[in-house]
Amino acid sequence: MTANIENTGMRPPAEVTDPGASAGAPPVHLAGPWQDPALAPEARADALIAAMTLQEKISQLFGVWVGASDEGGEVAPFQHDMEEAVALDDLLPHGLGQLTRPFGTAPVDPAVGALSLSRTQERIARANRFGIPALAHEECLAGFATWGATAYPVPLSWGATFDPELIREMAAAIGRDMRSVGVHQGLAPVLDVVRDARWGRVEETIGEDPYLVGTVATAYVRGLESAGVVATLKHFAGYSASRAGRNLAPVGMGARERADIILPPFEMAVRESGVRSVMHAYTDTDGIPSAADGPLLTGLLRDTWGFDGTVVADYFGIAFLKTLHGVAGTFGEAAGAALGAGVDVELPTVKAFGSPLTDAIAEGLVPEALVDRAVRRVLVQKARLGLLDADWKPMPPVLAAATGADGSADGNPEELRGSVRLDTDENRALARRVAEQAVVLLRNDGTLPLAADAADGAPARIALIGPNAEAPTAVLGCYAFPVHVGGLHPGTPLGIELPTLREACAAEFPHSEIVTARGADIDGPDTGGFGEAAELARSADLVILALGDRAGLFGRGTSGEGCDAENLALPGVQQHLLDTLLDTGTPIVVTLLAGRPYALGRAADEAAAVVQSFFPGEEGTRAVASVLSGRTAPSGRLPVSVPRHPGSQPSTYLAARLGHVSEVSSVDPTPAFGFGHGLTYTAFEWSDLVVEHGRASTEGEFTLSCTVRNTGAWEGTEVIQVYLHDPVASVVQPVRRLIGYVRLDLDPGRAARVRMTVPAELASFTGRDGYRIVEPGDLELRLSASSTDTRLTARVTVTGPVRTVDHTRRLHMTTATEILTEAPM
């Protein structure tokens, strides 16, 4: 639509041409109401649109992929193998919407990179008539993805904490580091709900339950946005449900699965987090690519949920409408389809939104009003970021001392080098806390914890065996900088300290002799190391067997984007190695550093202990070692089920009755360890269930309470997981689904009384007519330690007529916890 300047009480400047362009002089920046921060961002955007040419508007709708200079000069366009080179000099006179990954494309000293970015921003603003800089975005899936920045645990570990507040704190720290060097937007979090654990990007997800994903992701967004960084929800929507777990494969789910499993985390984040950007998914659902899905990107996201930020393309996703999906015959048609659906910004670089879009508009194939709609959203966001202000300066906060009197970037690169730390002691301590809370103890026959002191019976000789025993990057996911980019620069230092598991165990158990053997590669077929490994195991008091994944991209790893698995057997010959060592008779503590859950065969029943960690970040090996010794009490819970058999996929705990084991199929999908499972070094007793309000109308709520007591000798964490079971419904329902959880930290002998108020709306689901409803009838609220371990059951009844609810319904139960004051046992 054309901006209505008259309604704002403003007028565009009388002259909007560039008087200096023909003479080769720098453009004269036009002044106007768009520069006034006292005006509403929408009014500023409307005034600016009225003053812009079509090409200037389009130029705000795409990014250019660049890399900061490690000499402090301006960024250089990055030549990706999927696209032709970009000539900045041809683009910049019209302006530029975004800069893609200035810090995350190649290793660069943070301070020098900040200088390089600021000089580039100065150049961009100087080159266009309005003095508008670009918005710079970066990946931040497991920390700011740049050289020297803290590598936090991957999102699957966030889910394992069941602690949204801790994840909010972590995200705020990530956001502060990004904002300090001039980055405006982060491409995280991922809200895809795991539907098939063979999918390579499981490590990037928070888990297989939509409520857990929604609560943790919403907390992450709040943290990132609190630092002034635009968070980006991705991938909207359904990417994780691709057939057979293959990256970008078509999605065949029905509308009800999409509405009740895939969409709720996005809905929660849009409603509750203040998120300002959403990224469309690569995949098509029932033949409709997300990038061209107007009912999804506009009808649901904006018109129903009220989202008013920007929708950005997943990298190359608009061009894929032509090249991969075949729903557009030209790039101009692809641009029109994406704009029409509601995509505002093409990333990572200009392709469809360049000359193909311009030509399509000239030919009358794409309405210019679609450009106006998108650019208004982009400019409103830039106004809110201060990028339209008359006093905007290019220098980021971290280099304020090097700013010239006019705010220009005049710092000396060599004087700045090394002056900015993005991996501070505070960051590392926070990364350690997340990693520790994310370690999941799956099995323990009493072998753990291991004594660290000789006087307490520390093992005299520990055999540390396995492909991840001495691999520094075994704790990193595919979007951690040393893996994502560092591998392309083998001569460059990692930039952060990554202690190996051997180093961490040597520090944790100083009185034990630690001997090592690789045994096998992560994914190789060679079994030649088995003999040495078995001999070492027989000579030891205990074996710590370090198995798992190697993160990578597009087939270069066993986990990560494009690294999908045919089944959930441990990669390579690791299961064979595990069985060989079990046969030695020495107690085996299986320690997994992985990006997805794997079937463990005999180890699920025969290992002395199994410790699961999902790519726990730079402090991960220390966190694992501290759990092995008991210095840290294990408190993680599984965000995804661990299968008993490698070929029983796709399967999650959110299955209807016929999705569980039955007499009509020979395949048993029962997990070895269910969603929400996690052991501790203590014991908890659940008791005294009281249902205060067990009948409620479809508009009402139930109230119940119970007591949880730590009856063991160790401090510990229990997670009360509340699952809903609907025995009779008008459409098939999962046997159980998570509707809330409470994390309790209790000292030995201490007890807590937890009171829960559960709205009947949490029992809502999508009915036969496509509307979300609450039905009358009997329900069970199962208070559980995991999806397979119910401790207390409250039977309640919903009364009254069927009620239709919408996006304004309540999404959470409320809780009140009282630590009881009686003396510990």
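Overview of the structure. Just so it is clear, the model here is predicted, and its values are computed rather than measured.

Helix and strand counts for the protein stand at 22 helices and 30 strands. Its C-alpha atoms give the protein a radius of gyration of 28 Å, within 12% of the compact-globule value 28 Å for 825 residues. By principal-axis analysis of the C-alpha atoms, the protein measures approximately 85 × 70 × 55 Å. The buried share among the 825 residues of the protein stands at 64%.

Within helix α19 (residues 530-538) the residues assigned to the buried category are Phe530, Ala533, Ala534, Leu536 and Ala537. Burial along α19 is one-sided: seen end-on, the buried residues are contained in an arc of 160°. Residues Glu535 and Arg538 are exposed on α19 and point more than 90 degrees away from its buried face.

This next bit is on empty space enclosed by the protein. Counted by the stated rule, this structure contains four cavities of 30 Å³ or more. In this model, the largest cavity occupies a volume close to 60 Å³. Surrounding the largest cavity, Gln60, Gly97, Gln98, Leu135, Thr310, Val345, Val378, Gln381 and Lys382 form its lining. Among the elements that line the lining of the largest cavity, the one with the most residues is helix α14 (residues 368-384), at three residues. Among the residues making up the lining of the largest cavity, the classes are represented as three nonpolar, five polar and one charged.

As a further point, take helix α8 (residues 255-262). All buried positions along α8 are accounted for by Arg258, Asp260, Ile261 and Ile262. Tucked inside the fold, the buried residues of α8 contact α7 (210-226), α9 (264-272), β8 (284-285), α10 (294-304), β25 (765-766) and β26 (772-774).

A word on the nonpolar core. Counting 191 residues, the largest nonpolar core has Tyr220, Phe236, Ile465 and Leu581 as the members making the most contacts within it. Among the nonpolar cores identified, the runner-up in size contains 33 residues, and Leu498, Ile514, Ala609 and Tyr681 belong to it.

Let's shift gears to the sheet that holds strand β21 (residues 701-710). If you trace the four strands from one edge of the open sheet to the other, you get β19-β21-β24-β30, paired in antiparallel fashion. The outermost strands of the open sheet, each flanked by one partner alone, are β19 (684-693) and β30 (814-819). Neighbour-to-neighbour, the strand axes of the sheet open up by a mean angle of 15°, direction not taken into account. Two strands pair when backbone bridges link them, and strand β24 (residues 751-759) and β30 are joined in this way by six bridges, in the antiparallel orientation. Counted as the bridge partner of Val754 is Thr817 from β30.

The next point concerns the packing of aromatic side chains. All told, the structure shown has 17 aromatic pairs when counted by the stated rule. On the numbers, 5.5 Å between centres and 85° between planes, the contact of Trp34 with Phe130 is edge-to-face. In this pair, Trp34 is assigned in the segment before α1 (41-51) and Phe130 in the loop between α4 (110-127) and β4 (135-138), connecting sequence segments 96 residues apart. Phe130 sits in the buried class, given a relative accessible area of 5%. Residues Trp65 and Phe78 carry aromatic rings whose centres are separated by 4.8 Å and whose planes lie at 55° to one another, so their mutual orientation is tilted. Of this pair, Trp65 sits in strand β1 (residues 63-67) while Phe78 sits in the loop between β2 (76-77) and α3 (88-91), placing them 13 residues apart in sequence.

The subject of this paragraph is the sheet that holds β26. Ordered by their spatial adjacency, three strands build an open sheet running β25-β26-β29, and the pairing between neighbours is antiparallel. The sheet is open, and its two borders are formed by β25 and β29 (803-804), each paired with just one other strand. In this sheet, β26 lies alongside β25 in antiparallel orientation, the contact comprising two bridges. Paired with Thr766 across the bridge in β26 is Arg772.

Time to look at unusual backbone geometry. With an omega of 10°, the peptide bond between Ala188 and Pro189 qualifies as cis. With respect to the secondary-structure elements, Pro189 resides in the loop between β5 (185-186) and α7. Here Lys234 and His235 are connected by a cis peptide whose omega angle stands at 5°. Phi is positive for Ala244, which is not a glycine, with a value near 60°. Phi at Asp286 takes a positive value of approximately 55°, unusual for a residue other than glycine. By the secondary structure assignment, Asp286 is in the loop between β8 and β9 (288-289).

Okay, the pattern of salt bridges next. Tallied over the full model, the rule gives 48 salt bridges. Taking the shortest distance from any N to any O, the salt bridge between Asp372 and Lys57 comes out at 2.6 Å. Placement of the pair is Asp372 in helix α14 and Lys57 in helix α2 (residues 54-59), with a sequence separation of 315 residues. Among the residues examined, Asp372 registers a relative accessible area of 4% and is labelled buried. A single salt-bridge network, built from bridges that share partners, covers Asp423, Arg428, Arg432, Glu436, Glu497, Glu618, Glu619 and Arg622.

In this structure, Ala291 sits in the loop between β9 and α10. For the pair Ala291 and Ile588, spaced 297 residues apart in sequence, the C-alpha separation works out to 49 Å.

Turning next to the packing of helix α12 (residues 331-341) against α14. Helices that pack against each other are described as a pair by the angle of their axes relative to one another and the distance between those axes. For the pair α12 and α14, the least separation of the axes is 9 Å and the interaxial angle reads 55°. By the criterion of interaxial angle, the relationship of α12 to α14 is oblique. For the pair α12 and α14, the crossing hand works out as left-handed. Contacts between α12 and α14 involve Gly336, Leu339, Gly340 and Ala341 on the former and, on the latter, Leu370, Val371, Arg373 and Ala374. Partitioning the contact of α12 with α14 into residue classes produces five nonpolar, two polar and one charged.

Our focus in this paragraph is the environment of Phe307. Here Phe307 lies in the loop between α10 and β10 (310-312). Its relative accessible area of 5% is what places Phe307 among the buried residues. Distance from Phe307 to Gly274, taken between C-alpha atoms, is 9.3 Å for residues 33 residues apart in sequence.

Right, let's get into the state of the cysteines. Considering all chains together, one arrives at zero disulfides under this definition. Take Cys563: it sits in no disulfide, and the sulfur closest to it among the cysteines is that of Cys478, at 7.2 Å.

The next subject is the pairing of strand β22 (residues 716-725). Across the 10 residues that make up β22, a large majority, 10, are buried. Side chains of β22 alternate between two faces, with Gly716, Glu718, Ile720, Val722 and Leu724 and Thr717, Val719, Gln721, Tyr723 and His725 buried alike. Of the strand pairs in this sheet, β22 and strand β23 (residues 737-746) are connected by nine bridges, and their pairing is antiparallel. From the neighbouring strand, Thr717 faces β23, where its bridge partner is Asp745. The pairing of β22 with strand β27 (residues 777-786) spans five bridges and is antiparallel. Within the sheet, the bridge partner assigned to Val722 lies in β27 and is Leu783.

Tracing the backbone shows Thr707 in strand β21. Relative accessible area serves as the criterion here: at 5%, Thr707 is assigned to the buried category. Polar side-chain contacts of Thr707 include one of 2.8 Å to the side chain of Arg753.

Quick notes on the rules
- Here, residues in each chain are numbered from 1, in the same order as that chain's written sequence.
- Only residues with pLDDT of at least 70 get local features here, since the model is predicted, and only at 80 or more are side-chain atom pairs given and counted; chain-wide, interface and lining totals rely on the full set of residues.
- Values reported for side chains reflect all heavy atoms of the structure, with hydrogen atoms and water molecules removed beforehand.
- We count a stretch as a helix when DSSP gives it H or I for four or more residues in a row; a strand needs E for two or more, and each element gets its number in order from the N terminus.
- The atom set for the radius of gyration is the C-alpha atoms, and the globule formula is 2.2 Å times the number of residues raised to the power 0.38.
- Per-residue accessibility, obtained with a 1.4 Å probe over protein chains only, is compared with the maximum for each type, and a residue is labelled buried under 20%, exposed over 50%, and partly exposed between these values.
- The arc in question is the one traced by the directions running from the helix axis out to the C-beta atoms.
- Space inside and on the surface of the protein is sampled on a 1 Å grid over the protein atoms alone, with a cavity defined as a set of points where a 1.4 Å probe fits but cannot get out and a pocket as an open set with protein on both sides within 12 Å along at least 5 of 7 lines; lining residues have an atom within 4 Å of a point.
- Grid points are joined across faces, edges and corners, and a volume is the space filled by probe spheres set on the points.
- Any residue that is not Ala, Val, Leu, Ile, Met, Phe, Trp, Tyr, Cys, Pro, Asp, Glu, Lys or Arg is counted as polar, Gly included; the first ten are nonpolar and the last four charged.
- The contact definition used throughout considers only heavy atoms, calling two residues in contact when any of these lie within 4.5 Å.
- Remark: nonpolar core denotes a set of buried residues (Ala, Val, Leu, Ile, Met, Phe, Trp, Tyr, Cys) joined through side-chain atoms within 4.5 Å.
- Two strands qualify as a pair provided DSSP detects at least 2 bridges between them.
- Only the contacting stretch of a helix is used when fitting its axis, a line to C-alpha atoms as for every element, and angles between N-to-C directions run 0 to 180 degrees.
- Note on aromatic pairs: the rings of Phe, Tyr and Trp (six-membered ring only in Trp) are paired at centre separations within 6.5 Å, and the planes decide the class, stacked below 30 degrees, edge-to-face beyond 60, tilted for the rest.
- Basic side-chain nitrogens of Lys or Arg form a salt bridge, by our definition, when they fall within 4 Å of a carboxyl oxygen of Asp or Glu.
- Angles are sorted into four bins: roughly parallel if under 35 degrees, roughly antiparallel if over 145, roughly perpendicular if 65 to 115, and oblique for all others.
- In this scheme the handedness of a crossing depends on how the near helix is turned from the far one: anticlockwise by less than a right angle means left-handed, clockwise means right-handed.
- The definition used for a disulfide is geometric: two cysteine sulfur atoms within 2.5 Å.
- Here a polar contact means two N or O atoms within 3.5 Å. Within protein one must be a hydrogen donor candidate and the other an acceptor candidate, and residues neighboring in sequence count only if both atoms are side-chain atoms.

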